[in-house]
Amino acid sequence: MSPEENSRADDANEAPAVDGTPAAAGKAAGSFAELAQEMAAKNPLVRKDNGHIDLLTAAGGIRGIAESILPGLVFLVTFTVTRNLSAALIGSVAVAAVFLVARLIQRTPLTQALAGIVGVALSAFLAMKTGKAENYYLVGFYTNAAYIAAMVISIAVRWPVLGLLFGYARNEGLKWRQEPERLRAYRAATWIIVGVMAARIAIQLPLYLTEHVDALGAMRLIMGVPLYAFGLWIAWLISRPVSREAS
């Protein structure tokens, strides 16, 4: 083989891998890891001095809880008392709008308030368009189903969502992915939240289909922030590192 041919062969051996090769896969995994770490760093989970998760902060604080609960509560109470769908929808949207305006005035982060008013407005639109009060809760079923699908996929690909959130709160970063026991723990923790969301659908869907609006609204409130916070607390406990007493 000539020197020129040898040079071309060496260049071919040293060329960067194309898509589908282990090198490309490794690069993709690295990019995903960076994205996952960035997302985890933005999560609201905080570990208190006693090693337990701060559930109030995780739920968005008092204001975040109010923004999550009050629009639905106003809708439920107004509709139950008056049976006037329009009044219930107007009251619900108005409450969400007040929270958004308050954040604008105080110049606090708008993410949760914006998500809240978009969700409430869409729910109100569906209910008004169809004339059926139970459709105010329809968006919630799709949202829960989407979260369930995302979490199940994260478990299947060995990037459980609760591992990203809890790992950052515990200063583990992504190191837990290299430890089989920690990975199993975070997969189990993620299944807990999947169970919470699946329970919502299992209990609330029959009420929706049978048009029991009052019961559906009550269950939506009960199985909202309170049940999620309880599931998060259980998930935190079962995923504690056994070798670190403080965690």
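Residues numbered from 1 in each chain as written. Predicted model: local features only at pLDDT ≥ 70, side-chain atom pairs only at ≥ 80, totals over all residues. Heavy atoms only, no water.

A.B. asks: Please clarify how a nonpolar patch on the surface should be interpreted in this entry.
C.D. replies: Together, Leu70, Leu73, Val77 and Val81 make up an exposed nonpolar region whose accessible area comes to about 320 Å². Structurally, the position occupied by Val77 is in helix α4 (residues 61-82). (Patch = residues over 30% accessible without salt bridge, like charges linked within 9 Å, V, L, I, M, F, W, Y side chains within 5 Å. Areas by Shrake-Rupley, 256 points an atom, 1.4 Å probe, with all protein chains shown as cover. Salt bridge = Lys/Arg side-chain N within 4 Å of Asp/Glu carboxyl O. Helix = DSSP H or I, 4+ residues; strand = E, 2+ residues; numbered from the N terminus.)

A.B. asks: How should the packing of helix α8 (residues 161-169) against helix α9 (residues 180-209) be read in this particular structure?
C.D. replies: What describes two packed helices is the angle between their axes and the distance between those same axes. The geometry of α8 relative to α9 is characterised by a closest axis approach of 7 Å and an angle of 110° between their N-to-C directions. In this view, α8 runs roughly perpendicular relative to α9, as classed from their interaxial angle. Crossing handedness for the pair α8 and α9: right-handed. Within the contact between the two elements, α8 uses Val161, Leu162, Gly163, Phe166 and Gly167 and α9 uses Tyr186, Ala189, Thr190 and Ile193. (Axes fitted to C-alpha atoms, helices over the stretch in contact; angles between N-to-C directions. Parallel < 35°, antiparallel > 145°, perpendicular 65-115°, else oblique. Left-handed = near helix turned anticlockwise from the far one by under 90°. Contact = heavy atoms within 4.5 Å.)

A.B. asks: Mind showing me how you'd approach the packing of aromatic side chains here?
C.D. replies: Two aromatic rings are characterised by how far apart their centres lie and by the angle between their planes. In this structure the tally under the stated criterion is nine aromatic pairs. Taken together, a centroid distance of 6.0 Å and an interplanar angle of 5° make the contact between Phe75 and Phe79 stacked. Of this pair, Phe75 and Phe79 both sit in helix α4, separated by four residues, roughly a single helical turn. Taken as a pair, Phe75 and Phe79 share a single burial class, namely buried. (Phe/Tyr/Trp six-rings, centres within 6.5 Å; stacked < 30°, edge-to-face > 60°. Buried < 20%, exposed > 50% of the residue type's maximum accessible area, 1.4 Å probe, protein only.)

A.B. asks: What's the story with the pattern of salt bridges in this structure? I'm lost.
C.D. replies: Where side chains of opposite charge bring their charged atoms close, a pairing between them can arise. Within this structure, the stated rule accounts for three salt bridges. The salt bridge involving Glu67 is made with Arg103; its shortest N-O contact spans 2.7 Å. Of this pair, Glu67 sits in helix α4 while Arg103 sits in helix α5 (residues 85-106); the two residues are 36 residues apart in sequence, bridging distant segments of the chain. Across the pair, Arg103 and Glu67 agree in class, each one buried. In this structure, the salt-bridge partner of Arg83 is Asp214, at a minimum N-O distance of 3.2 Å. Linking Arg83 in the loop between α4 and α5 with Asp214 in helix α10 (residues 213-222), this pair joins segments that are 131 residues apart in sequence. Of the residues examined, Asp214 reaches a relative accessible area of 30% and is grouped as partly exposed.

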